[in-house]
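Architecture at a glance
As a plain string of letters, each chain reads:
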Amino acid sequence: MDALTIFGLFAVTAMLVCYALEERGAHFILGFAVACGLGSAYGFLQGAWPFGVVEAIWAGVALRRWHRARQSFRA
């Protein structure tokens, strides 16, 4: 396995773990957003730009969900 494949495996594993634990707190939603950003970087580095674009969109969606979750905890 090369470094890029290990990076991609880490990104996708982090996405799965954070997604599964999102109900435990907003920090897992943020972790999911960061992992999606890593997945996006992996997609672009690998040359699969459609994957990179979709993961970047997911990262944006997750950041918006994290922002809303943080505000609901403050209220």
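Refer to the structure printed above.
Residues numbered from 1 in each chain as written. Predicted model: local features only at pLDDT ≥ 70, side-chain atom pairs only at ≥ 80, totals over all residues. Heavy atoms only, no water.

Topic: the nonpolar core
- One finds Ala14, Met15, Cys18, Phe32, Ala33, Ala35, Cys36, Ala59 and Ala62 forming the largest nonpolar core, which totals nine residues.
- For this core, the elements supplying multiple residues, two or more each, are helix H1 (3–20), helix H2 (26–46) and helix H3 (49–74).
- With four residues, the single largest contributor to this core is H2.
- With near-sequence residues (within four places) excluded, cysteine 18 lies in contact with Phe28, Gly31 and Phe32. (Core = buried A, V, L, I, M, F, W, Y, C linked by side-chain atoms within 4.5 Å. Buried < 20%, exposed > 50% of the residue type's maximum accessible area, 1.4 Å probe, protein only. Helix = DSSP H or I, 4+ residues; strand = E, 2+ residues; numbered from the N terminus. Contact = heavy atoms within 4.5 Å.)

Focus on the packing of H1 against H2
- It is at 8 Å that the axes of H1 and H2 come closest, and there the two elements cross at 155 degrees. The angle between H1 and H2 falls in the class roughly antiparallel. Seen along the crossing, H1 lies across H2 with a hand that is left-handed. Residues Leu4, Phe7, Gly8, Phe10, Ala11, Ala14, Met15, Cys18 and Tyr19 of H1 lie in contact with H2, whose contacting residues are Phe28, Gly31, Phe32, Ala35, Cys36, Leu38, Gly39, Ala41, Tyr42, Leu45 and Gln46.
- Taken together, the residues that form the contact of H1 with H2 break down as 16 nonpolar, four polar and no charged. (Axes fitted to C-alpha atoms, helices over the stretch in contact; angles between N-to-C directions. Parallel < 35°, antiparallel > 145°, perpendicular 65-115°, else oblique. Left-handed = near helix turned anticlockwise from the far one by under 90°. Nonpolar A, V, L, I, M, F, W, Y, C, P; charged D, E, K, R; others polar.)

Description of the packing of aromatic side chains
- For the coordinates displayed, the defined rule picks out one aromatic pair.
- On the basis of an interplanar angle of 45 degrees and a centroid distance of 5.7 Å, the ring pair of tyrosine 19 and phenylalanine 32 is categorised as tilted. One end of the pair, tyrosine 19, is in helix H1; the other, phenylalanine 32, is in helix H2, and 13 residues separate them in sequence.
- Tyrosine 19 gets classed as exposed once you look at its relative accessible area, which sits at 53%. (Phe/Tyr/Trp six-rings, centres within 6.5 Å; stacked < 30°, edge-to-face > 60°.)

Quick look at a nonpolar patch on the surface
- A contiguous nonpolar surface patch, about 700 Å² in accessible area, is contributed by Phe44, Trp49, Val53, Val54, Ile57, Trp58 and Val61.
- At six residues, H3 tops the list of elements feeding residues into the nonpolar patch.
- As for its placement among the helices and strands, isoleucine 57 is situated in helix H3. (Patch = residues over 30% accessible without salt bridge, like charges linked within 9 Å, V, L, I, M, F, W, Y side chains within 5 Å. Areas by Shrake-Rupley, 256 points an atom, 1.4 Å probe, with all protein chains shown as cover. Salt bridge = Lys/Arg side-chain N within 4 Å of Asp/Glu carboxyl O.)

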